[in-house]
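# An overview of the molecular structure
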Amino acid sequence: MSQNNVLKGVFLVALGATTYGMLATFVKMAYSEGYTTAEVTTSQFVLGIIGILLINTFQKIKNKGTAVKATPKNIFSLMLAGTSLGMTSLFYYLAVKYIPVSIGIVLLMQTVWMGVLLEMILEKKLPSKQKVIAVFIVLVGTVLATNIINNDIKLDWRGLAWGVMAAASFTTTMFTANRVATEISSAQRSLYMLLGGAVIVFSFAFVTQVTPFNLEIFIKWGLVLSLFGTIIPPMLMNAGFPLTGIGLGSIVSALELPVSVMMAYVLLNEKVIFSQWVGIVLIILAIIIMNVNFKRKN
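So, here is what we can say about the structure in this document. (Residues numbered from 1 in each chain as written. Predicted model: local features only at pLDDT ≥ 70, side-chain atom pairs only at ≥ 80, totals over all residues. Heavy atoms only, no water.)

## Concerning the side chain of Glu39
Spelled out, the test is: Secondary structure counts use DSSP, requiring at least four H or I residues in a row for a helix and at least two E residues in a row for a strand, with both numbered from the N terminus. Residue burial is assigned from relative accessible area. The probe radius is 1.4 Å, only protein chains are included, and a residue is buried under 20% of its type maximum, exposed over 50%, and partly exposed in between. Under this rule, positive means Lys or Arg and negative means Asp or Glu; His and the chain ends count for nothing. Whenever a carboxyl oxygen of Asp or Glu lies within 4 Å of a side-chain nitrogen of Lys or Arg, that contact is scored as a salt bridge. Distance and chemistry together define a polar contact, namely a pair of N or O atoms within 3.5 Å, with one atom able to donate a hydrogen and the other to accept it when in protein, and with adjacent residues in sequence counting only for side-chain atoms on both sides. In what follows, residue pairs with any heavy atoms lying within 4.5 Å of each other are defined as contacts.
Assignment of secondary structure puts Glu39 in helix H3 (residues 37-63). Among buried charged residues, Glu39 stands out as having no salt bridge; its nearest opposite-charge side chain is Lys97, 9.3 Å away. There is a polar contact of 2.9 Å between the side chain of Glu39 and the backbone nitrogen of Asn214. With near-sequence residues (within four places) excluded, Glu39 lies in contact with Gly34, Gln209, Pro212, Phe213, Asn214 and Ile217.

See below:
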């Protein structure tokens, strides 16, 4: 693989991670205008599905119908995998409703150690020392980044619980997304996973939305949320990861963490103290340790 292709992949993954890192701040701003979680998630998924449908149509015309088509089994598997995508959005947005965005993104990054745990269970073997060290660093970084050692800071337990659940569902999404129906195009895979996620999101909206649905959300925030949450990041990352490889891509995608915190700091005026920044750096360091091969080549 040429150096130019790797650099192109790094740029695509970095841009995708940066875009997704901005999302929670926009959600928080939508909340401040009185919109509900049901309205936020519904508008994001409806417009996201329309956007991905248009991309699929464009690709179909461009490829003149020669691309591999999804089988009914592919569609069912992807929609089932997509339910975890819908739960991730719901849980994450519910988390930032009760806690600062800077804390919410740190909790979402617990996928680092959750992924190691899930891998250990599925593959029935103990993790390497490298991964154990990375998990320990993540846990130390989380204590600092969430500032829970400061008695003056009281975090709503509901936000913490939703944040941990978001990380758990995101871990499931990452494991299934790269293992289900990989023979079809990323646009098709994204579409069916979004449809699966929409089942969860629409069910949540039906049960929880007790007031009339405010359709203004589609005009005011829907397009922004769908672009930054369900269209741009997966497209850029699906294009970038094959060029960078999983290891380098995972390191670059960690940009999501500082970008999310910076956006909350600038646009929401969330206070972020020095020890929290140290914790964020430790979490990024752990991701690097987990994905770098330290073994010397003979």
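So much for the structure itself; the text now carries on.
## Brief notes about the side chain of Thr37
Here Thr37 is to be found in helix H3. Engagement of the side chain of Thr37 in a polar contact is seen with the side chain of Tyr31, the distance being 2.8 Å. The residues touching Thr37, leaving out its near neighbours within four places in the chain, are Tyr31, Leu90, Tyr93, Leu94, Lys97 and Phe204.

## A look at the packing of aromatic side chains
Pairs of aromatic rings are described using the distance from one ring centre to the other and the angle between the two planes. We apply this condition: Any two rings among Phe, Tyr and Trp, with Trp reduced to its six-membered ring, count as a pair given centres within 6.5 Å; such a pair is stacked if its planes are under 30 degrees apart, edge-to-face if over 60, and tilted if neither.
Going through the model one piece at a time under the given rule, you end up with five aromatic pairs. Aromatic side chains Phe26 and Trp221 sit 6.3 Å apart centroid to centroid with 35° between the ring planes, which places their arrangement in the tilted category. Linking Phe26 in helix H2 (residues 23-32) with Trp221 in helix H10 (residues 216-244), this pair joins segments that are 195 residues apart in sequence. Across the pair, Trp221 and Phe26 agree in class, each one buried. Ring geometry for Phe213 and Phe218: centres 6.0 Å apart, planes at 40°, overall tilted.

## Quick word on the layout of surface pockets
Any empty space left between the atoms is revealed when a probe the size of a water molecule rolls over them. What counts here: Cavities and pockets are found on a 1 Å grid laid over the protein atoms alone: a cavity is a set of points where a 1.4 Å probe fits but cannot escape, a pocket is an open set with protein on both sides within 12 Å along at least five of seven lines, and a lining residue has an atom within 4 Å of such a point. Grid points are joined across faces, edges and corners, and a volume is the space filled by probe spheres set on the points. Under the scheme applied, nonpolar residues are Ala, Val, Leu, Ile, Met, Phe, Trp, Tyr, Cys and Pro; charged residues are Asp, Glu, Lys and Arg; polar residues are all the others, including Gly.
Within this model, the second largest pocket holds a volume of roughly 270 Å³. Taken together, 15 residues line the second largest pocket, and the ones lying closest to its centre are Asn56, Lys60, Ala67, Lys69 and Gln188. Elements represented by at least two residues in the lining of the second largest pocket include exactly H3 and helix H9 (186-208). Grouping the constituent residues of the lining of the second largest pocket by class yields five nonpolar, eight polar and two charged.

## Description of a nonpolar patch on the surface
Applied cut-off: Only residues whose relative accessible area exceeds 30% and that form no salt bridge are eligible for patches; like-charged ones are grouped when within 9 Å, while nonpolar side chains (Val, Leu, Ile, Met, Phe, Trp, Tyr) are grouped when within 5 Å. Only the protein chains shown count as cover for residues, and all accessible areas are computed by the Shrake-Rupley method using a 1.4 Å probe.
On the surface, a nonpolar cluster with roughly 380 Å² of combined accessible area is contributed by Met262, Tyr265, Val266 and Leu267. Mapped onto the secondary structure, Tyr265 falls in helix H12 (residues 256-267). Since its relative accessible area comes to 44%, Tyr265 is described here as partly exposed.

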